[in-house]
Amino acid sequence: MSLSEHLPSDTVVYDVVVVGSCMTDLVSYTPRLPKAGETIHGHKFLIGFGGKGANQCIQAARLGAKSAMVGKVGKDSFGDNYIENFKSNGVSTDYVGQTDEASTGVAPITVNDEGQNAIVIVAGANLLLNSEDLEQASKVIGCAKVVVCQLEIRPAVTLTALKIAHKAGVKTIFNPAPAIADLDPEFYKETDVFCCNETEAEILTGIEVCSVASAGKAGSALLEKGCRSVIITLGAEGSVLMSLDKRTPHYIPTKKVKAVDTTVTALWALWHSTWLTILAWSWKK
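The structure reproduced in this document is the subject of the present report. (Residues numbered from 1 in each chain as written. Predicted model: local features only at pLDDT ≥ 70, side-chain atom pairs only at ≥ 80, totals over all residues. Heavy atoms only, no water.)

## Focus on the overall build of the chain
Consideration 1: Counting its secondary structure elements, the chain contains 9 helices and 13 strands.
Consideration 2: Here the chain holds 285 residues, and the buried ones make up 48% of them.
Consideration 3: Relative to all contacts within the chain whose residues are 6 or more apart in sequence, the contacts with residues 24 or more apart total 66%.
Consideration 4: Accessible surface computed for the chain: about 13,400 Å², of which carbon and sulfur atoms make up 55%. (Helix = DSSP H or I, 4+ residues; strand = E, 2+ residues; numbered from the N terminus. Buried < 20%, exposed > 50% of the residue type's maximum accessible area, 1.4 Å probe, protein only. Contact = heavy atoms within 4.5 Å. Areas by Shrake-Rupley, 256 points an atom, 1.4 Å probe, with all protein chains shown as cover.)

## Points about the environment of Glu198
Consideration 1: Its location among the elements puts Glu198 in helix H7 (residues 198-205).
Consideration 2: On the basis of relative accessible area, Glu198 is assigned to the partly exposed category, the value being 24%.
Consideration 3: Sequence separation between Glu198 and Ser211 is 13 residues, and the spatial gap between their C-alpha atoms is 9.1 Å.
Consideration 4: Here Glu198 is in contact with Val209, Ile232, Thr233, Leu234 and Gly235, once residues within four sequence places are set aside.

## Section: the pairing of strand S4 (residues 67-74)
Consideration 1: The buried count for S4 comes to 8 of 8 residues, which makes it a mostly enclosed element.
Consideration 2: The two faces of S4 match: Ser67, Met69, Gly71 and Val73 on one face and Ala68, Val70, Lys72 and Gly74 on the other face are all buried.
Consideration 3: Judged from the 7 bridges that link them, S4 and strand S5 (residues 91-99) form a sheet pairing that is parallel. Bridging from a neighbouring strand, Gly71 pairs with Val96 of S5.
Consideration 4: Each parallel crossover has a hand, and for S4 linked through helix H2 (residues 77-88) to S5 it is right-handed. (Pairing = 2+ DSSP bridges. Right-handed = clockwise from strand over helix to strand, strands pointing away.)

## Brief notes about H2
Given 3.6 residues per turn, any residue in an α-helix points the same way as the ones three and four places further on.
Consideration 1: With 12 residues, H2 should cover 16 Å at 1.5 Å per step; its first-to-last C-alpha distance of 16 Å lies within 8% of that length.
Consideration 2: Taken together, the buried positions of H2 are Gly79, Tyr82, Ile83, Asn85 and Phe86. Considered in projection along H2, the buried side chains sweep an arc of 155° and stay on one side of the axis.
Consideration 3: Tucked into the core, H2 has its buried residues touching strand S2 (23-29), strand S3 (44-50), helix H1 (52-62), S4 and S5. (Expected span 1.5 Å × (residues − 1). Arc of directions from axis to C-beta.)

Okay, here's the thing in structure tokens:
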């Protein structure tokens, strides 16, 4: 099913439009992570809806933002369930296509009793989202208050989405995950808010991020690359914010909590989506 088969007759204005990935998480909980070649018993299994893009979109909708997803899933049970999950959470699926050329993206995850994890990502249909799909969704992208992108789909497609939004004067938020060392320089210039964690910041700048001070150095390097605003998350230590107007690092600490699952996909999406939803309501076109 192509996106054009079910486009609405009138363009709807959304608070948040996310262009990104849809992944079905296959999560096994075990006492410890298995060694290479080892088989061990687990004590719990669940199937969840993951993908950085989809998680951010659904969390934004749950927080009250009018949200739409632009993505692609397979013509399989995972894909069907994914679209129903979007609908049940109030997310528009007019721009979520289904394809029989690849399966819905999956992420088998193993989590031990300490919350440590091992993850394998099979992107599947996510990699088939293309420029034609974006062209069909361009009006909605260009009318949104905020457009959010990541790197779990093809980078060229992500960059095209950012360009469509930026050209239309829409605020853009880019989460460069998973990070690419030789990221196209245009990503920095097409992004209003560049949001990454300490590992991604190190990959992109070559600066080891292990403290607030080093995060500030990495943030400065990202601003020099063309970013307007930078947020570097530091896990349990909080976040560092910087911008072209305010280059002095602003540190925001966080409260200590016990980690239940360090895949943090849902928690990261909640943090990210809370923040982008507030921006969507405060930024006026």
